[in-house]
Amino acid sequence: MGWNSWNKFGCENINEKLIREIADAMVSSGMKDAGYQYIVIDDCWQIARDESGNIIADPKKFPSGMKVLADYVHSKGLKFGLYSTAGTKTCQGRPASWGYEFQDARQYAAWEVDYLKYDWCNNGQQNSVAAYSIMRDALKQAGRPIVYSICEWGSSKPWLWAKDVGNLWRTTNDILDCWDCKQDWGGIGIMGILDQQIGLESFAGPGYWNDPDMLQIGNGAMSPTEYQAHFSLWSILSAPLMAGNDLRNMKPEITQILTNQEVIAINQDALGIQGRKVRDDGEFEVWVKPVADGTRAVVLLNRSKAEANISVSWSEIGYPTTLIFEVRDLWQKKNLGEYRGLFAAEVPSHGVVMVKIKP
Ligand code: GLA
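Everything quoted here is computed from the prediction, not taken from an experiment.

Reading the values: rules and limits
- Residues numbered from 1 in each chain as written.
- Predicted model: local features only at pLDDT ≥ 70, side-chain atom pairs only at ≥ 80, totals over all residues.
- Heavy atoms only, no water.
- Domains from an automatic or database assignment.
- Contact = heavy atoms within 4.5 Å.
- Buried area = accessible area lost by both parts, 1.4 Å probe.
- Salt bridge = Lys/Arg side-chain N within 4 Å of Asp/Glu carboxyl O.
- Polar contact = N/O pair within 3.5 Å; in protein donor to acceptor, adjacent residues only side chain to side chain.
- Helix = DSSP H or I, 4+ residues; strand = E, 2+ residues; numbered from the N terminus.
- Disulfide = S-S within 2.5 Å.
- Buried < 20%, exposed > 50% of the residue type's maximum accessible area, 1.4 Å probe, protein only.
- Core = buried A, V, L, I, M, F, W, Y, C linked by side-chain atoms within 4.5 Å.
- Pairing = 2+ DSSP bridges.
- Axes fitted to C-alpha atoms, helices over the stretch in contact; angles between N-to-C directions.
- Near = heavy atom within 4 Å.
- Areas by Shrake-Rupley, 256 points an atom, 1.4 Å probe, with all protein chains shown as cover.
- Nonpolar A, V, L, I, M, F, W, Y, C, P; charged D, E, K, R; others polar.

Caption draft 1: How the structure looks around the domain arrangement of the protein. Looking at the assigned domains, one finds that the protein contains domain 1 (2–267) and domain 2 (276–358). The centre of domain 1, based on its C-alpha atoms, is set 31 Å off from the matching centre of domain 2. Contacts between the two partners involve 25 residues from domain 1, matched on the other side by 24 residues from domain 2. Together, Ile236, Glu262 and Ile266 form the three largest contributors to the area buried by domain 1 at its contact with domain 2, with a combined 30%. For the interface between domain 1 and domain 2, the tally reads three salt bridges. Linking Glu262 and Arg328 is a salt bridge whose minimum nitrogen-to-oxygen distance equals 2.8 Å. The interface formed by domain 1 and domain 2 includes eight residue pairs in polar contact (both at pLDDT 80 or more). When contributions to the side of domain 1 that touches domain 2 are tallied by element, the ones reaching two or more residues are helix 7 (190–195), helix 8 (224–236), helix 9 (252–258) and helix 10 (261–267).

Set out below in structure tokens:
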């Protein structure tokens, strides 16, 4: 769990003042207490290499340098992350790490970096397993524990090979702040991303996660109901929860979504089982995730344009239908009572009902 600069601030709008203020806001907003830890600067912090090949942070935007910034983030009890690319240039044309993997990894460790997102632009048609393994080895040799986030957009099916290479791997192209849209360059909305997670469930587990990309919650183009669905789905998918909004001025309803402890507990559950879709009626879906306390988390998803009644039967989630279960609504934070055989609820358009079902 953490925050990344890309979705909201892109290339041009990052600088050390912003990162410090985001770190402050992570603490003051309650995000840190809710479990968010990593502050990751995405593309465009880097500007050149010196004559010895050392990577240089943009001195205009990061005048104090990365070590001082990392120290500040650490002083808040948070962790610090950076971004690079396994190609000749990053996706925004900045110096990347191909040929400099060991030197860069040593530099990150010296700056006390805790997280590396490693992208795939300008990759020169390298073999992805080889390219990502070099940086894995470089990070290992640098001697500092660094979370290794593989970002090759699912292009070489990283779920098949990346378990022993990185800690998380992107499964899709870039997420957009919309329910169901597409851009020519490949960006997609949250429903398109969701559909691409089907079939990947068994490849994730503790320490090696499918990454359906960072959250767009709070970036403004979706409704609170849609953002609540986004958070519920990413939680039931056991996805990394990397906030991508401006933490300095969140509306209360956005803070409430991002810090809902009961939903986060489902995401962070110790079993680390990725939830799966157990029913698809076209516009209506049922998603289930078994959690360590013996209960099941269930998301009823309504993709249609009107409110709808959606149900889940015990047999669909692996229980005998004759049993009586307690149901707790994780957004209302309320016990709904006891149900026999099935649970049904009114689900808003482009929204979810998320419950815990307890034998
Ligand atoms: C790619 C990645 C994004 C972001 C940008 C930065 O598109 O998939 O998440 O890191 O590059 O340029």
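Caption draft 2: Summary view of the state of the cysteines. All chains considered together, the criterion is met by three disulfides. Linked covalently through their sulfurs, Cys91 and Cys121 form a disulfide whose S-S length is 2.0 Å. Taking the sign of the S-S torsion, 95° for the link of Cys91 and Cys121, the bridge is right-handed. Pair noted here: Cys91 is in the loop between strand 5 (79–85) and helix 5 (101–111) and Cys121 is in the loop between strand 6 (115–119) and helix 6 (128–142), with a separation of 30 residues, a long-range link. Residue classification places Cys91 among the partly exposed positions, given a relative accessible area of 30%. Cys121 sits in the buried class, given a relative accessible area of 17%. Cysteine pairing for the protein, with bonded cysteines counted in sequence order: 1-2, 3-4, 5-6.

Caption draft 3: Local environment of the nonpolar core. Formed by 89 residues in total, the largest nonpolar core has its most connected members in Tyr36, Ile41, Trp45, Met66, Tyr108, Phe231 and Trp234. In terms of domain composition, this core takes at least three residues from each of domain 1 (2–267) and domain 2 (276–358). Excluding anything up to four places from it in sequence, Met66 contacts Ile41, Trp45, Ala57, Phe80, Leu82 and Trp111.

Caption draft 4: Local environment of the sheet that holds strand 1 (residues 2–4). The eight strands lie next to each other as 9-8-7-6-5-2-1-10, forming an open sheet whose pairing is parallel. Each edge of the open sheet is held by one strand with a lone partner, namely strand 9 (209–211) and strand 10 (242–243). As defined by bridge partners, strand 7 (residues 147–150) adjoins strand 8 (residues 168–170) across two bridges and the pair is classed as parallel. Along strand 8, the bridge assignment pairs Ile150 with Trp169. Running over the sheet, helix 2 (residues 16–28) touches strand 1 and strand 2 (38–40) and is turned about 160° from strand 2.

Caption draft 5: Quick look at the site of the ligand. Taken together, the residues surrounding the ligand are Trp6, Asp42, Asp43, Tyr83, Cys91, Gln92, Lys117, Asp119, Cys151, Trp153, Arg170 and Asp174. At a separation of 2.7 Å, an oxygen atom of the ligand approaches a polar side-chain atom of Lys117. Side-chain polar atom of Asp174 to an oxygen atom of the ligand: 2.6 Å apart, as the coordinates give it. Relative to its unbound accessible surface of 310 Å², the ligand loses 94% to contact with the protein. Split into classes, the residues belonging to the shell around the ligand amount to five nonpolar, one polar and six charged.

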